[in-house]
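Summary of the model geometry
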Amino acid sequence: MSTGSHAGRPKSWVAVAIIFVGFVIGGVGLVMGPDWVVFGAGAAVAVIGGIIALAVDIMTDVVVDDPRQ
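Described below are features of the structure shown in this document. These numbers come from a predicted model, not from an experiment.

Conventions used here
- Residues numbered from 1 in each chain as written.
- Predicted model: local features only at pLDDT ≥ 70, side-chain atom pairs only at ≥ 80, totals over all residues.
- Heavy atoms only, no water.
- Helix = DSSP H or I, 4+ residues; strand = E, 2+ residues; numbered from the N terminus.
- Buried < 20%, exposed > 50% of the residue type's maximum accessible area, 1.4 Å probe, protein only.
- Contact = heavy atoms within 4.5 Å.
- Polar contact = N/O pair within 3.5 Å; in protein donor to acceptor, adjacent residues only side chain to side chain.

Our next topic: the environment of Phe39. Note on placement: Phe39 falls in helix 2 (residues 36–55). The exposure class assigned to Phe39 is partly exposed, which follows from its relative accessible area of 31%. The spatial distance from the C-alpha of Phe39 to the C-alpha of Gly26 is 4.1 Å, given a sequence separation of 13 residues. Setting aside residues no more than four positions away along its own chain, Phe39 makes contact with Gly26, Gly29 and Leu30.

And the structure:
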């Protein structure tokens, strides 16, 4: 029986880090006034991270239980 893992692959963590940086940039943009250009840049970075996450197939990293029949 497989116990599963929540570790993830390194390339998946890179995608998550890019998404996180995008959220931080967007948050800083909101706090700064709001500065919509900085917020938009953060949103763009987060979207790019999401595209990278889909490209590296991040959703197959964690398999907790056996497939259902």
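What follows is about the side chain of Ser12. Relative to the assigned elements, Ser12 resides in helix 1 (residues 10–31). Here the side chain of Ser12 touches Asp61 through a polar contact of 2.5 Å, side chain to side chain.

Further remarks concern unusual backbone geometry. With an omega of 5°, the peptide bond running from Gly33 to Pro34 counts as cis. For Asp57, which is not glycine, the phi dihedral falls at a positive 60°. By the element assignment, Asp57 lies in the segment after helix 2.

By themselves, these figures tell us nothing about what the structure is for.
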